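Residue strings, one per chain:
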Amino acid sequence: MSLVLLAHACSHLQNASKARLGLTSLPSTTQLHTLLLQLQKSGYVNTVVIGGPTPPPPSALAPTMSANPEARKEIGGGHVAVWGRRREGGEVEGDESEDAMGTITQANVASRRLWVGLKYHNSRPVLEKMRLVSKPTRRVWMSMGDIAGLVRGERRGYVDGLRGIGESMFVTTDRGIMEARECVERRIGGMLLCRVNPVSW
Amino acid sequence: MSGPTLLRFVFSRSATPSRCLRNLHSSNKLAQRPDFPKILPKAPGEALRKDVARVPTTANDFKAYSEEDKKKLSTHFNYTPAQLAAIEAGEAAIDPKDLAEQATMREDSFAFEYYDDFATIHPVIDKPVRAPEENYDPKMRYKNEDEIAEDFVKFIEEMPEDATRLDYMKFTDNLRLTVGKEEAERNPVSSLAPAIPKGLESLKQPGIGKPGEVEVDPAMKRLMRQTGFSLDEIRRFRVKNLVVHRVVNQTRMGKIQSIYYLTVAGNMRGLLGIGEGKSTEAEDARRQAHYAAIRNVQPIPRYEDRTIFGDVKVKMGAVELELMTRPPGFGIRCQDKIFEMCRCAGISDLAARVTRSRNPMNTIKATFKALLSQRIPDEVARGLGKKLVDVRKVYYGGNV
């Protein structure tokens, strides 16, 4: 899977944070979507919503206003609002008048965007730095043991350990994208995607 | 040599090398130092305290009562004949020679070097005399208003006709405030150590501790007013002049040179400041820098009062440096300027790496900036919406 889009997403999120934007959008791909949901679970972003070319209505973004409590619970109990998410029965959650904006159909899938609500605390961005670890020309795979070393703050191979305060690394595995610490907990290795830091150094 | 003899020879050797008992060569035996210093008995006349002249007591110092003395005792002091007889019997029983021998100051090596007859108990020095535990009354309680009023009524009823103020004072002094055992209130059991007596003026050294007498220069007075630190606190600051050099200003009159100082000051408990001073006079520049550093002190966040929170990277001018947090006992392993700053701030475990330029002035400024720009984990965790627990405090029971 190409990492070019992910590299662009990293830069874009950094730039948006520097510009103090409240809401920004990224191309809608499965990889980015799952990564952003992990970021949300770790507390780096507020909301992750799939929407159209224009921003979704505030009701869809406000985490507390999500009509479906199951949707909020679904990912780590965090604040999750998924606009127009299909439920088991096939019916679409949300207001019927805004349905066209939220529902993913074969016709509109190409124009979908991921709308990301960015977080700020004490007038500083919560996500200040986001960098690729694997590059498009050089992928880095690691076993669970090596990832455990990284999590402990040790340098493994050419990858520095997670020594920053509140720093995380995201790893793509055969069980999906997850945080490095969760990888160690579940004893699986994978390809290192990117590292996220609440501090800019 | 037979077997048993050899065995005995082997096993009879002691573990420690025995002292050579026989001279194996003709030279003089080396003087051996004794294990303990020899204590020589003191001469009987030698006084322990040289400053006090001691007059030996003799039997002649204890003279018997004369007839005149006995008459005075009965007339002036109203001694009864029975008492006088007892005194005489006592005098007859005790030999003045014994008194002279026993009631004298000790001169031997175990004598005390101060004068005390050990007749009084000093609560601090001696084992305190405590009230017996029977004085404790678990049912003791304070009197309520009715009971106190009852006491007053009783006092007024039993008051003599010509009551004075003294009667009332006696009553208030003896008035009990609690109900229960009397000893529990008057002489309560306490396991507290006795307080150290106050007013030990003699312990104070002369010439110290009168703030009015200390001369403070106006610049220092201004510094004290600006910072709110006392003179003592300012003096206790650790101050280091880290950069000193000559600077020159070229004017049309010629070159004017000055001395530049860069000074750090810290209280070794988390406060650190840097200050610059420049003047044609070196002493003036030094004082300017010193006072500026103290005026500039800022609190440095310290993890466990010994290291920094996480790694910090900072750029100042062309200096790029990285301060790294380290475990207890690691020490301050870095270059001298950063080392001195850490000492002033009270950081004992730290590593640093200075890359690109290593200009001393900018290194110091960058270090100060880095120490101030630490991110506190609690703050970061709050931003992430996570709960943070320091497991070091949990594992070691808070003894870190």
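Computed from a prediction, not measured in an experiment: that's the story for all the values here. (Residues numbered from 1 in each chain as written. Chains lettered and ligands numbered in written order. Predicted model: local features only at pLDDT ≥ 70, side-chain atom pairs only at ≥ 80, totals over all residues. Heavy atoms only, no water.)

## Describing the pattern of salt bridges
Stage number 1. One pass over the full model with this rule turns up 28 salt bridges over all chains.
Stage number 2. Notably, a salt bridge pairs Arg156 of chain A with Asp146 of chain A, separated by 3.2 Å at the nearest N-O pair. Here Asp146 of chain A lies in helix H6 (residues 144-151) and Arg156 of chain A lies in the loop between H6 and strand S8 (168-173), a separation of ten residues in the sequence.
Stage number 3. Between Arg287 of chain B and Asp284 of chain B there is a salt bridge whose closest N-O contact spans 3.6 Å. Here Arg287 of chain B pairs with Asp284 of chain B, and both are found in helix H10 (residues 282-295), just three residues apart, close to one helical turn.
Stage number 4. A residue is classified by how much of its surface remains accessible, and Arg287 of chain B, at 30% relative accessible area, is partly exposed.
Stage number 5. What makes Asp284 of chain B partly exposed here is its relative accessible area of 27%.
Stage number 6. Members of the salt-bridge network, linked through shared partners, are Asp146, Arg152, Glu154 and Arg156 of chain A. (Salt bridge = Lys/Arg side-chain N within 4 Å of Asp/Glu carboxyl O. Helix = DSSP H or I, 4+ residues; strand = E, 2+ residues; numbered from the N terminus. Buried < 20%, exposed > 50% of the residue type's maximum accessible area, 1.4 Å probe, protein only.)

## A look at the packing of aromatic side chains
All names here are of chain B.
Stage number 1. Enumeration according to the criterion identifies six aromatic pairs over all chains in this entry.
Stage number 2. Grouped by ring-pair contacts, the aromatic residues Phe152, Phe155, Tyr168 and Phe171 constitute a single cluster.
Stage number 3. The aromatic ring of Phe330 is capped on one face by Arg326, whose charged end is 5.4 Å from the ring centroid.
Stage number 4. One Lys or Arg, Arg333, reaches over the ring of Phe330 and ends 3.7 Å from the middle of that ring. (Phe/Tyr/Trp six-rings, centres within 6.5 Å; stacked < 30°, edge-to-face > 60°. Lys NZ or Arg CZ within 6 Å of the ring centre and 35° of its normal.)

## What to know about the interface of chain B and chain A
Stage number 1. Listed as interface residues are 17 residues of chain B and, on the opposing side, 15 residues of chain A.
Stage number 2. Carbon and sulfur atoms supply 57% of the area that chain B and chain A bury against each other, a total of about 1,400 Å² over both sides.
Stage number 3. Broken down residue by residue, the surface that chain B buries against chain A is led by Asp311, Arg375 and Leu384 of chain B, which jointly contribute 45%.
Stage number 4. The tally of links from chain B across to chain A stands at five residue pairs in polar contact (both at pLDDT 80 or more).
Stage number 5. Elements with a minimum of two residues in the side of chain B that touches chain A: strand S7 (312-316) and helix H13 (377-384) of chain B.
Stage number 6. Sorting elements by how many residues they give to the side of chain B that touches chain A places H13 of chain B first, with six residues.
Stage number 7. Its residues assigned to classes, the side of chain B that touches chain A shows five nonpolar, five polar and seven charged. (Contact = heavy atoms within 4.5 Å. Buried area = accessible area lost by both parts, 1.4 Å probe. Polar contact = N/O pair within 3.5 Å; in protein donor to acceptor, adjacent residues only side chain to side chain. Nonpolar A, V, L, I, M, F, W, Y, C, P; charged D, E, K, R; others polar.)

## Details of the confidence of the model for chain B
Stage number 1. Summarising the model, chain B shows a mean pLDDT of 83, and 81% of its residues fall at 70 or more.
Stage number 2. Among the scores for the predicted complex, ipTM is 0.79 and pTM is 0.59. (pLDDT = per-residue confidence, 0-100.)

## Observations concerning the sheet that holds strand S1 (residues 23-27) of chain A
All names here are of chain A.
Stage number 1. The strand order across the open sheet built from three strands is S1-S3-S2, with neighbouring strands paired in antiparallel fashion. Among the strands making up the open sheet, the edge pair consists of S1 and strand S2 (45-51). Ignoring which end each strand starts from, the neighbouring axes of this sheet average 25 degrees apart.
Stage number 2. Bridging between S2 and strand S3 (residues 113-118) involves six bridges; their strand directions are antiparallel. Looking at S3, one finds that Val49 is bridged to Trp115.
Stage number 3. Sheet strands in contact with helix H2 (residues 30-42) are S1, S2 and S3, and its direction is about 155 degrees off that of S2. (Pairing = 2+ DSSP bridges. Axes fitted to C-alpha atoms, helices over the stretch in contact; angles between N-to-C directions.)

## Quick look at the environment of Ala19 of chain A
Residue and element names in this part refer to chain A.
Stage number 1. In this structure, Ala19 sits in the loop between helix H1 (4-18) and S1.
Stage number 2. Owing to a relative accessible area of 48%, Ala19 belongs among the partly exposed residues under this scheme.
Stage number 3. The spatial distance from the C-alpha of Ala19 to the C-alpha of Pro125 is 9.6 Å, given a sequence separation of 106 residues.

## Some details on H2 of chain A
Residues and elements named next belong to chain A.
Stage number 1. With 13 residues, H2 ought to run about 18 Å at 1.5 Å a step, and its terminal C-alpha atoms sit 18 Å apart, in line with that.
Stage number 2. Across the 13 residues that make up H2, a large majority, ten, are buried.
Stage number 3. Residues of H2 that are buried include every one of Gln31, Leu32, His33, Leu35, Leu36, Leu37, Gln38, Leu39, Gln40 and Ser42, and no others.
Stage number 4. Looking at the residues trailing H2, positive phi occurs at Gly43, about 95 degrees. (Expected span 1.5 Å × (residues − 1).)

## Focus: the pairing of S3 of chain A
Residue and element names in this part refer to chain A.
Stage number 1. In terms of burial, S3 is largely enclosed, as five of its six residues are buried.
Stage number 2. Note: S1 against S3, five bridges, orientation antiparallel. Among the inter-strand pairings, Thr24 is bridged to a residue of S3, identified as Val116.

## Some remarks on unusual backbone geometry
Stage number 1. Positive phi, normally seen in glycine, also occurs at Ser123 of chain A, with a value near 55 degrees.
Stage number 2. Structurally, Ser123 of chain A is set in the loop between strand S4 (120-121) and strand S5 (124-125).
Stage number 3. On the basis of relative accessible area, Ser123 of chain A is assigned to the exposed category, the value being 61%.
Stage number 4. Positive phi outside glycine occurs at Glu304 of chain B, with the angle close to 55 degrees.
Stage number 5. Within the secondary structure layout, Glu304 of chain B lies in the loop between strand S6 (298-299) and S7.

## Examining the packing of helix H5 (residues 145-157) of chain B against helix H6 (residues 165-174) of chain B
All names here are of chain B.
Stage number 1. For the pair H5 and H6, the least separation of the axes is 12 Å and the interaxial angle reads 150 degrees. Crossing of H5 against H6: the hand is right-handed. Here Asp151, Phe152 and Phe155 of H5 come into contact with H6, specifically with Asp167, Tyr168 and Phe171.
Stage number 2. A class-by-class count of the residues in the contact of H5 with H6 yields four nonpolar, no polar and two charged. (Left-handed = near helix turned anticlockwise from the far one by under 90°.)

## Some thoughts on the environment of Leu321 of chain B
Residue and element names in this part refer to chain B.
Stage number 1. Summarising the element assignment, Leu321 is placed in strand S8 (residues 319-325).
Stage number 2. Residue classification places Leu321 among the buried residues on the basis of a relative accessible area of 2%.
Stage number 3. Apart from residues lying up to four places away in sequence, Leu321 is in contact with Val312, Lys313, Val314, Ile338, Arg353, Val354, Thr363, Ala366, Thr367 and Ala370.

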